[in-house]
Amino acid sequence: MLYLGVMSGTSLDGLDIALVEQGERTQLLAHHYQALPDSLRQQLLELCSSGADELARAAIAEQQWAQLVAEGVHSLLREQNLQPGDIRAIGSHGQTVRHEPARGFTIQIANPALLAELTGITVVGDFRRRDVAAGGQGAPLVPAFHEALFASPGAARAILNVGGFSNLSLLEKGKPAKGFDCGPGNVLMDAWIHHHRGESYDNDGAWAASGHVQAELLQALLTDPFFQATGPKSTGRELFNLPWLQQQLKTQPAHRTEDVQATLLELTATSIATSLQQAQPHCSQLLVCGGGARNKALLARLQSLLPATQVSRTDDHGVPADWVEAMAFAWLAHCCLNGIPGNRPEVTGARGLRVLGAIYPA
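Residues numbered from 1 in each chain as written. Predicted model: local features only at pLDDT ≥ 70, side-chain atom pairs only at ≥ 80, totals over all residues. Heavy atoms only, no water.

The helix and strand tally for the protein stands at 14 helices and 12 strands. Taken against the 2.2 N^0.38 rule, which gives 21 Å for 362 residues, the C-alpha radius of gyration of the protein at 20 Å falls within 12% of a compact globule. Dimensions of the protein along its principal axes, counting C-alpha atoms only, are 60 × 50 × 40 Å. Among the 362 residues that make up the protein, the fraction classed as buried is 56%. Sequence separation of 24 or more characterises 69% of the internal contacts of the protein that already satisfy a separation of 6 or more. Carbon and sulfur atoms make up 50% of the accessible area of the protein, which totals about 14,800 Å². (Helix = DSSP H or I, 4+ residues; strand = E, 2+ residues; numbered from the N terminus. Rg over C-alpha atoms; globule rule 2.2 N^0.38 Å. Buried < 20%, exposed > 50% of the residue type's maximum accessible area, 1.4 Å probe, protein only. Contact = heavy atoms within 4.5 Å. Areas by Shrake-Rupley, 256 points an atom, 1.4 Å probe, with all protein chains shown as cover.)

This is how it looks when you write it as structure tokens:
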């Protein structure tokens, strides 16, 4: 069975569309990247905080988002000589604009009904809200997929996804998969380099590598209560954003901009390493996926902080790091259509297993 998975993460750089074959194992067949136009990216960023006429602006933005996904889907189908009827379903995560499970809601705009009309393919969307309705965080949802794809009969293994935010999946034979958000992944580093250099991300972590970690600033950042909380826990732009960082900097002496970037990379690495050491101290393998897997400086720092753990990209285990999340939502669509629970209560804190997603037939 062929499925498409669509993921647009908190980094807001573009859409990842994965074509997978779902059998006993999920296999990536092809993929397509669709960049977000600057105007749409700005609209989505603005919707992450309160503003005037939000309902209308959100409705317009999700129409544009669905149209962009449809363009990407048709491009991928043409590249692979496929027809819409060849695809059982699209698993569409949507774009998260608010995530506040403590207040009982999470919002991903996607307009799956429009996407089904534009593509002629059944769409499964709205994956997170059922878990939140059951008392869960609604995130992270990838540990169940990581378990299906990467579980090893031998050593304890963790999967690290580093997008705008970072999350861990903890896999161990004979135990249910566990996981939680660790904190900022790329979100603060991306915001800082864009603010000062107009670049969308720090390629290979080179700018961070040119600076020096400021220990006092790092400790100030780590005092945020999120880092002391134990799972289940999840986070988003509602907490960690450029204004949050700038407020923290007001209490500090002046720092060189590259030193702040170095400290932000250290914040990401430290929060991940500390979380892993506390939750799975005997972890022997850490497999990294997401955009952050391409940050050489970050991976090197993780290996330094975790000397007893082998740190590698999921590419080394047969799955390209850039496409794991999109594959996950194709898999979740398959689970929904077949009545298979997609959450893990040990991860999200939900009251039990739930089938995730709403179906919009073609």
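Still more to cover.
Here His-99 is to be found in strand 4 (residues 89-100). Looking at His-99, its side chain comes within polar contact range of the side chain of Thr-106, at 2.8 Å. When sequence neighbours within four positions are dropped, the list of residues in contact with His-99 reads Phe-105, Thr-106, Gln-137, Gly-138, Ala-139, Ser-234, Thr-235 and Glu-238. (Polar contact = N/O pair within 3.5 Å; in protein donor to acceptor, adjacent residues only side chain to side chain.)

Right, let's talk about helix 13 (residues 324-337) for a bit. Given 3.6 residues per helical turn, the α-helix brings residues three or four places apart onto the same face. When the terminal C-alpha atoms of helix 13 are compared, their 20 Å separation across 14 residues agrees well with the 20 Å that a helix rising 1.5 Å per residue should span. Among the 14 residues in helix 13, 13 count as buried, and that is most of the element. The positive-phi residue at the C-terminal boundary of helix 13 is Gly-339, with phi of around 70 degrees. (Expected span 1.5 Å × (residues − 1).)

The next point concerns the nonpolar core. Core analysis: the largest hydrophobic core is formed by 75 residues, its most contacted members being Leu-168, Leu-245 and Leu-286. Of all the elements, helix 13 adds the most residues to this core, at 11 residues. A domain-level breakdown of this core finds at least three residues from each of domain 1 (2-139 + 323-360) and domain 2 (142-317). The residues touching Leu-168, leaving out its near neighbours within four places in the chain, are Ala-158, Ile-159, Leu-160, Lys-178, Gly-179, Phe-180, Cys-182, Ile-272, Ser-275, Leu-276 and Leu-286. (Core = buried A, V, L, I, M, F, W, Y, C linked by side-chain atoms within 4.5 Å. Domains from an automatic or database assignment.)

Honestly, that's just the spatial picture; any functional story needs more than this.
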